[in-house]
Amino acid sequence: MTKYNHRTIHTIYLDMDGVLCDFDSYYRSIYGVNCRDDDNEDNWYEFVNNQGFQELDRMPGYDDLFSMLNELYVDIEILSCITSRKNNKEVAKQKVEWLFRNSLENNVINFTITKQGKGNYANPNVLLIDDSDACISAFKQSGGYALKYTGIEKLKFEIEYLLSEDILCVRSLGHFS
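Note that the coordinates shown come from a computational prediction; the quantities given were computed from them, not determined experimentally. (Residues numbered from 1 in each chain as written. Predicted model: local features only at pLDDT ≥ 70, side-chain atom pairs only at ≥ 80, totals over all residues. Heavy atoms only, no water.)

A separate point is the pairing of strand 4 (residues 126-130). With respect to burial, strand 4 is a largely interior element, 5 of its 5 residues being buried. Of the two faces of strand 4, the one carrying Val 126, Leu 128 and Asp 130 and the one carrying Leu 127 and Ile 129 are both buried. Strand direction decides the pairing type here: strand 1 (residues 11-14) and strand 4, joined by 4 bridges, are parallel. Bridge assignment links Tyr 13 to a residue of strand 4, and that residue is Leu 128. Relative to strand 5 (residues 145-148), strand 4 runs parallel, the two sharing 4 bridges. Following the sheet pairing, Leu 127 is matched in strand 5 by Tyr 145. (Buried < 20%, exposed > 50% of the residue type's maximum accessible area, 1.4 Å probe, protein only. Helix = DSSP H or I, 4+ residues; strand = E, 2+ residues; numbered from the N terminus. Pairing = 2+ DSSP bridges.)

So this is what it looks like as structure tokens:
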């Protein structure tokens, strides 16, 4: 059994949209605008009705992300928002299908209704990797570690820093290339 110090991260939560799958590019390719900037709410419902969340591409760097995370001595869980709109159960269903299609069905899957709800999963021994400032802020305010995902290269650097501070542990002696 692993003995953790008070600062050791034992679980990493991964956001889906913007970290694992490329929601923004796919939505923009259909509607010509990012979802957060789309004033036409009918587009959202059409996107979900057309199984849009199942069709998302993996984010660039997806394979490198998992190669890196598999070197760490942590549990990996999914933590994703499913929206407060009335079709959130359908969104959750499509996101689970995406995870199965991408061989992530064995990971614990957690959903929140709001971005701020991710803070409910925070504690000093967990890390959130997310692309949303609102999610990161809520998580940090609730006592967890959080890294803003802007790409795999920056994330590698940030993970190396956490390793150097003994906040993360590696499974092997290798470091990331």
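A few words on unusual backbone geometry. Even without being a glycine, Gln 51 presents a positive backbone phi close to 60°. Position of Gln 51 among the secondary structure elements: in the loop between helix 2 (41-49) and helix 3 (62-69). Classification of Gln 51 as partly exposed rests on a relative accessible area of 25%. Located in the positive-phi region is Asp 166, a residue other than glycine, with phi close to 60°. Considering the arrangement of structural elements, one finds Asp 166 in the segment after helix 6 (152-164).

Any link to function would need more than the numbers given here.
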